[in-house]
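# Structural overview
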Amino acid sequence: MQRQDDEARENLQSDDVCKDGIFEKYTISEQKTDEREEDRENADNQQANEEETQESTSSCDCGKNKIFSRFRVKDIVFLAIMSAIVLVTSAVMPLVVPLQSTIFGIAQLVTGLQLSVFPAIALMKVRKTGSMFFISVFTGIIQLLMSPAMFINNIVIGLILELAVIVIFRGYKKTASVFFVVALYNPLSLPFNYVYNLIIGNEIMTAVADNAPWAAVGMSIAVLAVSVIGTLIGIRVSKELEKAGVFKK
Amino acid sequence: MERLSAKRALYPLMSVFTGIVVLVVGLILAKREYGMIYLGGVWLLLLLFGYYKACLAVIPFAAVTAGIFCAVTYALSRDVQSTLSAAARILAVCVAVIAGMGIRPSALISNLSTLRAPRSITLGMMIAVGFFPLLMRETKQIREAMRTRGAGSMLRPTVFYRAFLLPLVIRLVNISDTLSLSVETRGFLIGDKNYTVYKKTVFGIKDGVFAVIFTLGTVLAVIFL
């Protein structure tokens, strides 16, 4: 028995796997066990410190894309796929573009649901700072070719919301932060478009809001309501899938 | 987008930049009497440089949109000059789109990769652009499964949610997992790692000629029109 204990102790010293308690059945002296636990604690602390340092450098170091290093390939792929589905489902928007001169915010209204359900699912899965910005960039690739103004709109709103979520919620850990960002993503393009049309002197687009301000307010509320409903649906889908084990952590 | 792209398109980033310049200058010149000449010139230039598919495709959209905008403007203002300005603005947007429409999204991504843009951005863009056909197929399969099960009309919210939306998202998550594994095994890494760009995009003589003509034309239009 003593010989077996010695062998077990030797193995414990040589092999890390043995730390997981394979040799628990053997009686090892209390002093040795304490030493081992201490070592294990030290190792854990060291690992935690390393992770912390890595995290802090990745979030604070602004040079050479360090901020993106926290994202894994898996996260980027999922965000890109969700962006693709947003793009495909938003293909109805060009059909209502001619109506923009008569109905304020019609484009935002028809894309409100798609632009909230899928980003909400994406953010519920990839709860990392910068996720919304990535979605903005990925959806912007087609917009960059079709309408540069829309691309700039997307990027600016993405950045504003990311900053807001950092300041208010310090990331996407809470579901409320996901709700906040996604519910505002589409409605924020309304004031942006208005200001943009005002700057470039496109009176006909601004006149829609100026001539019937109450209708514009009503449409803005409708856009916000659709976005909120879409976000809630997205969050519900995510929670259901999380419960079913589809969203692997 | 692919079917409208030019066979030998211009340098992708220059095409995007051209679109932005045309939009800005076109909107500035919209209020001037001869502002539309500039837009016509750019349209012709792009046509000559191989963007004929996009140039022709934009005509019906421009006609319908400009028609509606002009009608609304004239109804509101009863002023011919304001109506022409509205038409010029719409045409500026339509002509600005041509340069972007004429290039493949993959070419733009390749261009960004050549310029060493962050891998996370280019990888995501590649997936977002290349995912459309797969997405269409998945949607079709789910709808077929719905028909087989006799799930009922998609217009019913409960049917849409349970029989369409949830399976679609589950499929997307599974595809995402498989794709990310596949991407990783092919050596895609995110971060500061060096990577090989197989199809490099270079600025050629044709691009240079276009840039010179376009810049000269734009400067002359801003000064004289």
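From a predicted model like this one, the values you see are computed outputs, not experimental measurements. (Residues numbered from 1 in each chain as written. Chains lettered and ligands numbered in written order. Predicted model: local features only at pLDDT ≥ 70, side-chain atom pairs only at ≥ 80, totals over all residues. Heavy atoms only, no water.)

## With respect to the overall build of chain A
Spelled out, the test is: Counting from the N terminus, the helices are the DSSP runs of H or I reaching at least four residues and the strands are the DSSP runs of E reaching at least two. Residue burial is assigned from relative accessible area. The probe radius is 1.4 Å, only protein chains are included, and a residue is buried under 20% of its type maximum, exposed over 50%, and partly exposed in between. Whether two residues are in contact is decided by their heavy atoms: any pair within 4.5 Å suffices. Each accessible area is a Shrake-Rupley result for a 1.4 Å probe, and residues are judged covered by the shown protein chains and nothing else.
Looking only at helices and strands, chain A has twelve helices and zero strands in total. Going residue by residue from the N terminus, the α and β elements of chain A occur as α-α-α-α-α-α-α-α-α-α-α-α. In chain A, buried positions account for 45% of the 249 residues. Relative to all contacts within chain A whose residues are 6 or more apart in sequence, the contacts with residues 24 or more apart total 67%. Only carbon and sulfur atoms are counted for the fraction: they give 59% of the accessible area of chain A, which is about 13000 Å².

## Some details on the overall build of chain B
Heads up, the rule is: Only C-alpha atoms enter the radius of gyration, while the globule expectation follows 2.2 Å times N to the 0.38, with N the number of residues.
A tally of helices and strands in chain B yields nine helices and zero strands. Counted from the first residue to the last, chain B has its helices and strands arranged as α-α-α-α-α-α-α-α-α. The globule rule puts the C-alpha radius of gyration for 225 residues at 17 Å, and the 23 Å found for chain B is more than 25% above it. Projected onto its principal axes, the C-alpha positions of chain B cover 65 × 50 × 25 Å.

## Comments concerning the packing of helix 2 (residues 35-48) of chain B against helix 4 (residues 80-101) of chain B
Residues and elements named next belong to chain B. Threshold: Orientation is described by axes fitted as lines to C-alpha atoms, over the contacting stretch for helices, and by angles from 0 to 180 degrees between their N-to-C directions. Under this scheme an angle from 65 to 115 degrees is roughly perpendicular, one under 35 degrees roughly parallel, and one over 145 degrees roughly antiparallel; angles in between are oblique. Here a crossing is called left-handed whenever its near helix is offset anticlockwise from the far helix by less than a right angle, and right-handed whenever the offset is clockwise. Classes in brief: Ala, Val, Leu, Ile, Met, Phe, Trp, Tyr, Cys and Pro nonpolar; Asp, Glu, Lys and Arg charged; the others, Gly included, polar.
Running from N to C, helix 2 and helix 4 cross one another at 20°; their axes reach a closest spacing of 10 Å. As summarised for this structure, helix 2 and helix 4 are arranged roughly parallel, according to the angle between their axes. The hand of the helix 2/helix 4 crossing is left-handed. Touching M36, L39, V42, W43 and L46 of helix 2 are L84, A87, A88, L91, A92, V95, I98 and A99, all from helix 4. Residues of the contact of helix 2 with helix 4, tallied by class, amount to 13 nonpolar, no polar and no charged.

## Section: the packing of aromatic side chains
Residues and elements named next belong to chain A. Going by this rule: Ring pairs are drawn from Phe, Tyr and Trp, using the six-membered ring of Trp, whenever the two centres fall within 6.5 Å, and their geometry is named by plane angle: stacked under 30 degrees, edge-to-face over 60, tilted for the rest.
Taken as a whole and assessed by the stated rule, the structure comprises seven aromatic pairs over all chains. Aromatic side chains F169 and F180 sit 5.5 Å apart centroid to centroid with 55° between the ring planes, which places their arrangement in the tilted category. Of this pair, F169 sits in the loop between helix 8 (148-168) and helix 9 (175-185) while F180 sits in helix 9, and the two are eleven residues apart along the sequence. F180 sits in the partly exposed class, given a relative accessible area of 23%.

## Quick notes on unusual backbone geometry
If you check the backbone angles, R170 of chain A has positive phi at about 55° while not being a glycine. Looking at the element boundaries, R170 of chain A is found in the loop between helix 8 and helix 9.

## Remarks on the interface of chain B and chain A
Let me state the cut-off plainly: Note on terms: buried area is the combined drop in 1.4 Å-probe accessible area of two parts once they are placed together, counting the loss on both. The rule for a salt bridge is simple: a side-chain nitrogen of Lys or Arg has to be within 4 Å of a carboxyl oxygen of Asp or Glu.
Each side of the interface is counted separately: chain B has 53 residues, and chain A has 52 residues. For the pair chain B and chain A, the summed buried area comes to about 4700 Å², and 79% of that belongs to carbon and sulfur atoms. Considering only the surface of chain B that becomes buried against chain A, F69, R89 and I190 of chain B emerge as the three largest contributors, covering 11% of it. Summed over the shared surface of chain B and chain A, the result is one salt bridge. Its salt-bridge partner being E240 of chain A, residue R162 of chain B comes within 2.4 Å of it at the nearest N-O pair. Mapped by element, the contributors of at least two residues to the side of chain B that touches chain A are helix 1 (12-29), helix 3 (52-77), helix 4, helix 5 (105-114), helix 6 (119-130), helix 7 (132-149) and helix 8 (157-185) of chain B. The leading source of residues in the side of chain B that touches chain A is helix 8 of chain B, at 16 residues. Among the residues forming the side of chain B that touches chain A, the class breakdown is 40 nonpolar, seven polar and six charged.

## A word on the side chain of E162 of chain A
Residue and element names in this part refer to chain A. Rules: A 3.5 Å cut-off defines polar contacts: any pair of N or O atoms within that distance qualifies, except that in protein one atom must be a possible hydrogen donor and the other a possible acceptor, and neighbouring residues in sequence count only when both atoms are side-chain atoms.
You can see E162 is positioned in helix 8. A polar atom in the side chain of E162 sits 3.1 Å from the backbone nitrogen of F133. Residues contacting E162, with those up to four places away along its chain left out, are T129, G130, S131, M132, F133 and Y172.

## Description of a nonpolar patch on the surface
Applicable threshold: In this scheme, patches are assembled from residues that exceed 30% relative accessible area and form no salt bridge. Like charges are connected within 9 Å, while nonpolar side chains (Val, Leu, Ile, Met, Phe, Trp, Tyr) are connected within 5 Å.
Where nonpolar side chains cluster on the molecular surface, the patch consists of L163, I166, V167 and I168 of chain A and spans about 400 Å² of accessible area. Locating L163 of chain A in the fold gives a position in helix 8.

## Topic: the environment of A91 of chain A
All names here are of chain A. Here A91 shows up in the loop between helix 3 (73-89) and helix 4 (93-96). Look at A91 and you get exposed, because its relative accessible area is 52%. Residues A91 and S101, ten residues apart in the sequence, show an inter-C-alpha distance of 19 Å.

## Digging into the nonpolar core
Note the cut-off: What makes a nonpolar core is a set of buried Ala, Val, Leu, Ile, Met, Phe, Trp, Tyr and Cys residues whose side-chain atoms join them at distances within 4.5 Å. Domain start and stop positions are those given by an automatic or database domain assignment.
Judged by nonpolar contacts, the single largest core of 111 residues is most densely connected at I121 and F138 of chain A together with Y38 of chain B. In this structure, this core is formed jointly by two domains, domain 1 (2-107 + 203-224) and domain 2 (119-185) of chain B, each of which donates at least three residues. Discounting chain neighbours no more than four positions away, the residues touching I121 of chain A are F78, M82, G234, V237, S238 and F247 of chain A together with V169 of chain B. Counting seven residues, the second largest nonpolar core, distinct from the first, contains F104, L190, A209 and A216 of chain A.

## What to know about the confidence of the model for chain B
Where we set the bar: Think of pLDDT as the predictor's per-residue confidence, scored from 0 to 100.
Averaged over all residues, the pLDDT of chain B is 83; the fraction at 70 or higher stands at 97%. Scored as a complex, the prediction yields pTM 0.71 and ipTM 0.73.

## Observations concerning helix 1 of chain B
Selection criterion: How far a helix is expected to stretch is found by multiplying one less than its residue total by 1.5 Å.
The terminal C-alpha atoms of helix 1 of chain B, which comprises 18 residues, lie 25 Å apart, in line with the 26 Å expected from a rise of 1.5 Å per residue. When you tally the buried positions in helix 1 of chain B, you get 13 out of 18 residues, the bulk of the element.

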